[in-house]
Each structure stands twice: as structure tokens, then as C-alpha cells.
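Spelled out, the chains give:
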Amino acid sequence: MPLRSVKPLILAIDDDEVARESAQVLLSRWGYRVNLAENGEKGLHLMRQNPPDLMLVDLQMPGISGLEVLAGVREFDPTIVCVMVTGHATLQSAVDAMKQGAYDFLPKPFSPDELKHVVGRGLERRFLELEAKELREEKARMEANFVTLVSHQMRSPLAAVRQLLEVMVKQSLGPMPPAYGELMDRAVARLDELLHSLNAWLAMSRLAESGIAERRAPTALADILTALAQRTRLEAQAAGQEVVVEGDPGEVELAVDRETLLEALYNLTSNAVKYNRPGGKVTLEVRVHPYQVDLSVSDQGPGIPEAEQPFIFNDFFRSKSPELKNKPGTGLGLSIARRVVKAHRGDISVRSQPGQGATFTVSLPR
Ligand code: ADP
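Residues numbered from 1 in each chain as written. Predicted model: local features only at pLDDT ≥ 70, side-chain atom pairs only at ≥ 80, totals over all residues. Heavy atoms only, no water.

1. Looking at the sheet that holds strand β11 (residues 347–352)
Part 1 of the argument: Across the sheet, five strands lie side by side as β7-β9-β10-β12-β11; this open sheet has mixed pairing. The open sheet is flanked by β7 (242–246) and β11, the only strands paired with a single partner. Each adjacent strand pair in this sheet contributes to an overall mean axis angle of 15 degrees, direction not counted.
Part 2 of the argument: Pairing of β11 with strand β12 (residues 358–365) involves six bridges; the strand directions are antiparallel. By the bridge assignment for β12, D347 is matched with S363.
Part 3 of the argument: Its contacts with the sheet put helix α8 (residues 221–238) on β7, β9 (281–288) and β10 (292–298), and the angle it makes with β9 is roughly 175 degrees.
Part 4 of the argument: The sheet contacts of helix α11 (residues 333–343) involve β11 and β12, and relative to β11 the element is tilted by about 135 degrees. (Pairing = 2+ DSSP bridges. Helix = DSSP H or I, 4+ residues; strand = E, 2+ residues; numbered from the N terminus. Axes fitted to C-alpha atoms, helices over the stretch in contact; angles between N-to-C directions. Contact = heavy atoms within 4.5 Å.)

2. Re the site of the ligand
Part 1 of the argument: By nearness alone, 18 residues border the ligand, and N271, Y275, D299, R318 and T330 come closest of all.
Part 2 of the argument: Contact distances for the ligand include 2.8 Å between an oxygen atom and a backbone N or O atom of T330.
Part 3 of the argument: Contacts to the ligand include G333, whose backbone N or O atom sits 3.2 Å from an oxygen atom.
Part 4 of the argument: For the ligand, whose unbound accessible area comes to 520 Å², protein coverage reaches 98%.
Part 5 of the argument: For the shell around the ligand, the elements supplying multiple residues, two or more each, are α9 (258–275) and α11.
Part 6 of the argument: Sorting elements by how many residues they give to the shell around the ligand places α9 first, with three residues. (Near = heavy atom within 4 Å. Polar contact = N/O pair within 3.5 Å; in protein donor to acceptor, adjacent residues only side chain to side chain. Areas by Shrake-Rupley, 256 points an atom, 1.4 Å probe, with all protein chains shown as cover.)

3. Focus: a negative patch on the surface
Part 1 of the argument: The grouping of D15, D16, E17 and E21 at the surface amounts to a negative patch.
Part 2 of the argument: Topologically, E17 is positioned in helix α1 (residues 17–29).
Part 3 of the argument: Classification of E17 as partly exposed rests on a relative accessible area of 49%. (Patch = residues over 30% accessible without salt bridge, like charges linked within 9 Å, V, L, I, M, F, W, Y side chains within 5 Å. Salt bridge = Lys/Arg side-chain N within 4 Å of Asp/Glu carboxyl O. Lys, Arg positive; Asp, Glu negative; His and termini not counted. Charge placed at Lys NZ, Arg CZ, Asp CG, Glu CD. Buried < 20%, exposed > 50% of the residue type's maximum accessible area, 1.4 Å probe, protein only.)

4. Some words on the packing of helix α2 (residues 40–49) against helix α3 (residues 66–76)
Part 1 of the argument: Two numbers describe how α2 lies on α3: the axes approach to 10 Å, and their chain directions differ by 15 degrees. When the axis of α2 is compared with that of α3, the two are roughly parallel. As α2 packs across α3, the resulting crossing turns out to be right-handed. In this structure, α2 uses G40, L44, M47 and R48 to contact α3, whose residues at the interface are V69, G72, V73 and F76.
Part 2 of the argument: Within the contact of α2 with α3, the residues separate by chemical class into five nonpolar, two polar and one charged. (Parallel < 35°, antiparallel > 145°, perpendicular 65-115°, else oblique. Left-handed = near helix turned anticlockwise from the far one by under 90°. Nonpolar A, V, L, I, M, F, W, Y, C, P; charged D, E, K, R; others polar.)

5. What about helix α5 (residues 112–169)?
Part 1 of the argument: For α5, spanning 58 residues, the distance from its first C-alpha to its last is 83 Å, which sits close to the expected 86 Å at 1.5 Å a residue.
Part 2 of the argument: Along α5, the helix axis deviates most sharply at R155, where the bend reaches about 30 degrees; the proline P157 sits within four residues downstream.
Part 3 of the argument: For α5, the full list of buried residues reads L115, V118, V119, G122, L123, R126, F127, L130, S151, L158 and L165.
Part 4 of the argument: A positive backbone phi angle near 55 degrees is found at Q171, which sits one or two residues after α5. (Expected span 1.5 Å × (residues − 1). Bend = angle between axes of the 7 residues up to and from the residue.)

Structure below.
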């Protein structure tokens, strides 16, 4: 492991010169690099300049106490191992130090062997912790990149297959036996679901790294509502549904990341169309209040069972109810919407009585 290829660095803080010198002699003899400080203030300064792997801290020193040094170390980097060095009279503070995160304590006077033993064990602990931390970070990096990588790599070939299938469905190169028609349509539908999922995963991973707050710019509420209604109408018409817009956005402007917010709102309206009853109505409503704006999307579908309502905003949640779970979906639409709304310091909520549709409301600060 690369961390072990350099000699471990030990910082000893002690106001007693003899103690410092003997620490220096012994620790360097055992192959460690050593820094020394005669008080807590200098010790903390040295620690920040050149972070050590392990610190030997005298508990009783004039000026900053050993316990205060310990608190400073924990705040700076909790993986630095602290061994408190103490006289008999301060046993209680050694116990306190352990409670506050010291790794061990060494009562004075101690033998070279005792020092060697505690330093060896402490360093072992430090390296294990660093290793575990590195593995955790590596895992998080891999998880974050994996979805993006896989989705990117899969998207182009799938889009190509989709186009090829389109040629066949349209029978552009000549007629196809009728029995294949339905199979082709099913293949296209499944492929579209897959492409939709990939896009949702990509949107999700982009959200994790994007700076919505930085892209916020004044945008007319009326413009958001019009864009939302237009796209919803397209989807609704295709499904034989009607879209109604209620409320007056007036001249209100909101500081938002327009594209991302619209995508979040589309997730709500396309759910409303997807889960609506046949021929149902989708209502978009805007309400302007002194300090906030409420935008709600309602449908006339079966609604959301009360037991499921607390979970619908979770990643990958999909209904267990038989009439809903056959609809295509990723279970990511609402969780993306919630992230986007939260990044705008807003809130999203749902109201639904089974059998009477669902209403999703996004509240944004003005
Ligand atoms: P998806 O629609 O892709 O499954 P979402 O995150 O958008 O994922 O929604 C999660 C779940 O919440 C859906 O699977 C569905 O069970 C429920 N849901 C969302 N919107 C509605 C709605 N308008 N009516 C009924 N159920 C809904």
C-alpha cells in the first residue's frame, strides 16, 4: 500500500525536554520520522503544517492542555491516532481523553518497549482506518461513475437498434409478413422503456454533480407554465386526455434553473397522463402567495394508496398495486423531481385519496 511506503511520521508534544529527546532517539531508532513540539500551540501548528500519522501528547502542559490538543486533532483529522502521555496524578483525565477519542494512554514513567508497543498498535490502527477510508471513497467513486458510464455506452447502440427497427416497422424496404408486425411493435416499446430508463439514470447522476443553485436566473412564472402546458398537451392528446390550466401567474419572476426545473415538472405531468383514467383530465394550477408560488398537477386516475405515499419519492420506488405496476417506468421520476425542487429550496408534496386521482404540489420560494 502506498501509504506505508513512506516512513510513518510521529509528532511528540511534551513540555519536558528530556522526554522529548528520548522520544526522538527511540522513535527514530525504530525507523519513524519524528517531529517535536514543546507546547500544545506549537504542536497543533506543526500538525497542520505536516500532518502526522500518530501523536504522543502530554496531558499536563502549561498553556493549551493535552485535552485541548486532542480536540484540535480530532477536528483537523480524526484518523490521526493520539496517544496521551500521563503522570499518575492525571489518570482521571486520561480516562476523559479516551472518552474524547484518544486511542490509548501511556502512564509515565514508561519503558521503551511499552512505547514501541503502543506506537506500533496505534499505527496499525491508523493504516487500517486510512485503507478503509480509501476503499469507501473508491467505492463511492465507482458507484457514481458506473451508472453514467454504462448508460452512456449503452445509449448509442440502443438508439441505433431503435432506428433500424423503425425502418422495419415502417416496412420501408418492402413488406414484412403481418405476423411480425405485432412483435416489432412490442420490441420497439420495450426498447423505448430501456432508453427511457437510461435517460433517467443519466439525469439522476448529472443531478448529483450539477450546480443548480449556480444556474438559477430570473424566469417568468408564466413562461414556465406555458412550456409545461404545451408539452403536457402533446402527451395528453396522444392519450386522449384533456389539459386544463388554472390560476394566474401574473408578472411573477422566480430565480430558477429553467431547464432542470421544467424537466422535474414534466416528470409530474407525464405521471399524471400515464396514471390517469382513460379520457381523464390533467389540471395544472398555479397559486401565487406573498412569499411562495404553488404549482400543482392533478389527475383523475386511481390515486396513490395511503400506505405507499411516504415512499413514492424514494429512488426506484414503484407501486405494488396491480393496476399501476404494469405501466412502464423507472421509479426515478419523483425522486429526481424532489431533488430538483429541494435544490431550489422548495418543497414537493402529494395529496391523494384512492380512487380520486392524485395532486402533486411544488412550492417554490419567491
Ligand atoms: P415511475 O412513474 O417511473 O414508476 P416515479 O418516481 O415517477 O416513477 O413514480 C413512483 C411511483 O409513484 C409510481 O410507480 C406510481 O406508483 C406512483 N405515482 C406517481 N405519480 C402517480 C400518479 N399521478 N398517480 C398514481 N400513482 C402515481
